[in-house]
Amino acid sequence: MTLFSVEGKTVVVTGGSRGIGRMIAAGFVAAGATVYISSRKAAEVGKTAAELGCVAVPADLSTEEGVSALVDAVTARESRLDVLVNNAGATWGAPLEEYPGHAFDKLWGINVKGVFHLTQRFLPLLRAAASPGDPARVINIGSIDGIRVPSMENYAYSAAKAAVHMLTRHLSQRLARESITVNAIAPGPFESKMMAFALDDPATRSAIESHVPLGRIGTPEDMAGTAIFLSSRAGAYVTGAIIPVDGGISAHGTTS
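Computed from a predicted structure; not experimentally measured.

Calculation rules
Sequence order sets the numbering: in each chain, residues are counted from 1 along the sequence as written. Whole-chain, interface and lining totals are the exception, using all residues; otherwise, since this is a predicted model, local features are given only for residues with pLDDT of at least 70 and side-chain atom pairs are given and counted only at 80 or more. Excluding hydrogens and water, the side-chain figures rest on all heavy atoms present in the structure. Here, strands pair whenever DSSP counts at least two bridges between them. Helix and strand assignments come from DSSP, with helices taken as H or I runs of at least 4 residues and strands as E runs of at least 2, each series counted from the N terminus. Axis angles are defined between N-to-C directions and span 0 to 180 degrees, where every axis is a line fitted to C-alpha atoms and, for a helix, only to the segment in contact. The criterion used for residue contact is that any of the two residues' heavy atoms lie within 4.5 Å. What makes a salt bridge here is a side-chain nitrogen of Lys or Arg within 4 Å of a carboxyl oxygen of Asp or Glu, nothing more. Partly exposed describes any residue whose relative accessible area lies between the buried limit of under 20% and the exposed limit of over 50%, with all areas from a 1.4 Å probe on protein chains only and scaled to the type maximum. Polar contacts here mean pairs of N or O atoms no more than 3.5 Å apart (in protein, one a potential hydrogen donor and the other a potential acceptor; neighbouring residues in sequence count only if both atoms are side-chain atoms). What makes a nonpolar core is a set of buried Ala, Val, Leu, Ile, Met, Phe, Trp, Tyr and Cys residues whose side-chain atoms join them at distances within 4.5 Å. Only Phe, Tyr and Trp rings are paired, with Trp represented by its six-membered ring, and only when their centres lie within 6.5 Å; those with planes under 30 degrees apart are stacked, over 60 edge-to-face, the remainder tilted.

Caption draft 1: Local environment of the sheet that holds strand 4 (residues 83-86). Spatially, seven strands are ordered 3-2-1-4-5-6-7 in an open sheet, and the strand pairing comes out parallel. This sheet does not close on itself; its edge strands, each paired only once, are strand 3 (55-58) and strand 7 (242-245). In this sheet, adjacent strand axes meet at a mean angle of 20 degrees when their direction is disregarded. By the bridge criterion, six bridges tie strand 5 (residues 136-141) to strand 6 (residues 180-187) in an arrangement that is parallel. Of the residues in strand 6, the one forming a bridge with Ala-136 is Ile-180. On top of the sheet, helix 2 (residues 42-52) reaches strand 2 (34-39) and strand 3; it is set at about 170 degrees to strand 3, its chief contact.

Caption draft 2: View of the pattern of salt bridges. Counted under the stated rule, the structure contains ten salt bridges. Among the ionic pairs, Arg-127 bridges to Glu-178, the shortest N-O distance being 2.5 Å. One end of the pair, Arg-127, is in helix 4 (residues 101-129); the other, Glu-178, is in the loop between helix 5 (155-175) and strand 6, with 51 residues separating them in the sequence. Of the residues examined, Arg-127 reaches a relative accessible area of 38% and is grouped as partly exposed. Judged by its relative accessible area of 22%, Glu-178 is partly exposed. The partner of Asp-222 in a salt bridge is Arg-216, with the nearest N and O atoms 2.8 Å apart. Look at Arg-216 and you get partly exposed, because its relative accessible area is 39%. Among the charged side chains, a network of salt bridges with common partners joins Lys-9, Asp-134 and Arg-137.

Caption draft 3: Inspection of the environment of Ala-31 at higher detail. With respect to the helices, strands and loops of the structure, Ala-31 is situated in the loop between helix 1 (19-30) and strand 2. The class of Ala-31 is partly exposed, set by a relative accessible area of 29%. With 170 residues separating them in the primary sequence, Ala-31 and Asp-201 have C-alpha atoms 33 Å apart. Not counting the four nearest positions on each side in its chain, Ala-31 is found in contact with Val-6, Glu-7 and Ile-228.

Caption draft 4: Focus on the side chain of Thr-168. With respect to the helices and strands, Thr-168 occurs in helix 5. Polar side-chain contacts of Thr-168 include one of 2.9 Å to the side chain of Asn-140.

Caption draft 5: The nonpolar core, seen in detail. By size, the foremost hydrophobic cluster in this structure holds 29 residues, and its most contacted members are Val-12, Leu-70, Leu-118, Phe-122 and Leu-126. Counting residues per element, this core draws most heavily on helix 4, which supplies eight residues. In this view, Phe-122 contacts Val-12, Leu-70, Val-71, Val-74, Leu-81 and Leu-84; residues no more than four positions away in its chain are not counted. If you look at the next biggest cluster of nonpolar residues, it comprises 26 residues, including Val-11, Met-23, Ile-228 and Leu-230.

Caption draft 6: Geometry of the packing of aromatic side chains. One pass over the structure, following the stated rule, counts two aromatic pairs. Pairing Tyr-99 with Phe-104 gives two aromatic rings, centres 5.8 Å apart and planes at 65 degrees, and the pair type is edge-to-face. In this structure Phe-104 comes out as partly exposed when scored by relative accessible area, which is 38%. With centroids separated by 5.3 Å and ring planes inclined at 80 degrees, the aromatic side chains of Tyr-99 and Tyr-155 adopt a geometry described as edge-to-face. Of this pair, Tyr-99 sits in the loop between strand 4 and helix 4 while Tyr-155 sits in helix 5, and the two are 56 residues apart along the sequence.

Caption draft 7: Representation of unusual backbone geometry within the structure. Although it is not a glycine, Ser-179 sits at a positive phi angle of roughly 60 degrees. Here Ser-179 is to be found in the loop between helix 5 and strand 6. Residue classification places Ser-179 among the buried positions, given a relative accessible area of 16%.

Here is the structure:
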């Protein structure tokens, strides 16, 4: 299936030690790509890399030092980067009257500035991999909470993810002329640390599933499959897209 092949491609997945990042990294490894994963916690990212068969790079991407550490580590070993998956992020929930201003600073720094700066710093390697027939790819992980209003009080998170979607469109317009595509995946409910507070409770999990038109929580195959499509020949003509992978929630206007 060469149309969907990513074999031999070099891929970086940030926040790749768990949750959605791990799902995507595992999918690329199984499909024959060389994968680098990053995370703030060295022990955790090392353990995941050993389990998946990829390369671990501990890095805090909310800081310039962390961005440099990841870029330098990959540049030392690779002359090109075919796919950059900007997945690292954070969330924050609190009642409106108690919602702290510093939550916006934290989430803007990680979820938006981190995506921009890492993409910016990896441009030389992305350009080295890019060609009109097989562009280099940037995949940003947004959220359906950046598309429709969530029921949860995660104000900074939804605002930051909406910003990721617009940043995706803006970068896609600028980088298309260099044969670099930029797209975003907007996940709905998946097994992750961010969703654990809800999905670990059977009653809450059932309630969330009842709001998903397809009636279930997303699987690793759902997430990895979308990323691999965007990174393969099959997705070479797609750029500037925000792709909901949410079981139909956003299309039906259903809150979670």
